[in-house]
Amino acid sequence: MNVIIDKNSGYCFGVEFAIQMAEDELGQQETLYCLGDIVHNRMEVERLHALGLRIIDREQLSELHDAKVLIRAHGEPPETYELALRNNIELIDASCPVVLKLQNRVKHAFDATTRQNGQIVIYGQPGHAEVTGLTGQTRNQAIIVMTEADLDQVDFARPVTLFSQTTKSTAGFYHMKEVIEQRIQAAGGSLEAFDANDSICRQVSNREPALAKFALQHDVVVFVSGRKSSNGKALFTVVNKTNPRSYFVENEHELNDEWFNGAESVGICGATSTPMWLMQQVKDRIEEVAAHAV
């Protein structure tokens, strides 16, 4: 059995940058706080916890004083920075540059569209850290949509500006754009008052066709990702649609030996939040299965 790790899978540069910053800080001090999971991957969070990274929530942040806190790649809303100033907290800001640029675009669009009685709509997962940071740029007035039913919150007779969470599916975004256009026309509104911004990270979206091609090259595909990862869910859908013998696992302990019956080639791939060391552990376990089957 030939077992291959997709060389294009693994951390995007934003996540890699955040983890490197955390490791650098922990090389100089015993404990570093991080607001929320540094990455949506339980195994990596546990590895960094062993090095001294302590995950805190917003309530714990408000009670913290005179400490260092890492801002992860997902970014944060303005109130987090205001709180840090009040509590004398030093922020180690590892916000992804792509997310920071999008936050700026959303803020400018909100300021402009407010004067026109318009609405900011964000295609994203409610409660997701990045989406929280984006809605913070709109004084939490943005409308978050994941499904067509969520669009019932929008007044299509008024101007609409659409953005996307950077890790969402490209196909999903353009489907939502099309549905909004239909609803605007049905409401008698003007399409000229609709501004759709494809703000999906290209490092993420370019993985979709690459993963579909990778999935076709193997009898069985094992997709490694944390279950909290929005990007992981989106990419696994692409893989599974291309190759029905695809399986989603969080680590090597979730593998089922029967998945590999009769397989000559097994491909391992993952989300932008999946560390390469974890995919290697999955590979090692599959190769053990293959050795025992001989």
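For the structure, see preceding data.
Reading the values: the criteria
- Residues numbered from 1 in each chain as written.
- Predicted model: local features only at pLDDT ≥ 70, side-chain atom pairs only at ≥ 80, totals over all residues.
- Heavy atoms only, no water.
- Pairing = 2+ DSSP bridges.
- Helix = DSSP H or I, 4+ residues; strand = E, 2+ residues; numbered from the N terminus.
- Axes fitted to C-alpha atoms, helices over the stretch in contact; angles between N-to-C directions.
- Contact = heavy atoms within 4.5 Å.
- Buried < 20%, exposed > 50% of the residue type's maximum accessible area, 1.4 Å probe, protein only.
- Core = buried A, V, L, I, M, F, W, Y, C linked by side-chain atoms within 4.5 Å.
- Parallel < 35°, antiparallel > 145°, perpendicular 65-115°, else oblique.
- Left-handed = near helix turned anticlockwise from the far one by under 90°.
- Nonpolar A, V, L, I, M, F, W, Y, C, P; charged D, E, K, R; others polar.

Trainee: For the sheet that holds strand β9 (residues 194–196), give the residues involved together with the corresponding values.
Mentor: If you trace the four strands from one edge of the open sheet to the other, you get β7-β6-β8-β9, paired in parallel fashion. Across the chains shown, the open sheet's two edge strands, defined by having one partner strand only, are β7 (143–145) and β9. Strand-to-strand, the axes of this sheet are offset by a mean angle of 20°, without reference to chain direction. Sheet contacts for helix α5 (residues 97–114): β6 (119–123) and β8 (160–164); angle to β8, the most-contacted strand, approximately 170°.

Trainee: Describe unusual backbone geometry, naming the residues involved and giving the relevant values.
Mentor: Non-glycine residue Asn88 carries a positive phi angle of around 55°. Structurally, Asn88 can be placed in the loop between α4 (78–86) and β5 (90–93). The phi angle at Asn140 is positive, at roughly 60°, despite the residue not being glycine.

Trainee: Describe the side chain of Thr161, listing the residues and the values that go with them.
Mentor: Looking at the element boundaries, Thr161 is found in strand β8. Overall, Thr161 belongs to the buried group, its relative accessible area being 9%. Discounting residues that sit within four places of it in the chain, Thr161 has contacts with Ala109, Thr113, Gln119, Ile120, Val121, Asp195 and Asn197.

Trainee: Which residues make up the nonpolar core, and what values do they have?
Mentor: Among the nonpolar cores identified, the biggest contains 20 residues, and Val15, Ile19, Leu32, Ile38, Val39, Leu53 and Leu70 are the most heavily contacted of them. Of all the secondary-structure elements, those providing two or more residues to this core are α1 (13–26) and β2 (32–35). Looking at which element gives the most residues to this core, the answer is α1, with six residues. When near neighbours in sequence (up to four residues on either side) are disregarded, Val15 contacts Val39, Ala73 and Thr272. Among the nonpolar cores identified, the runner-up in size contains 18 residues, and Ile5, Phe260, Ala263 and Ile286 belong to it.

Trainee: So what's going on with the packing of α1 against helix α2 (residues 42–51)? Residues and values would help.
Mentor: Running from N to C, α1 and α2 point in directions that differ by 15°, and their axes come no closer than 10 Å. Accordingly, the angle class assigned to the pair α1 and α2 is roughly parallel. Handedness of the crossing formed by α1 with α2: left-handed. Together, Ile19, Glu23 and Leu26 of α1 and Glu44, Arg47, Leu48 and Leu51 of α2 make up the contact between the two elements. Looking at the contact of α1 with α2 residue by residue, the classes come out as four nonpolar, no polar and three charged.

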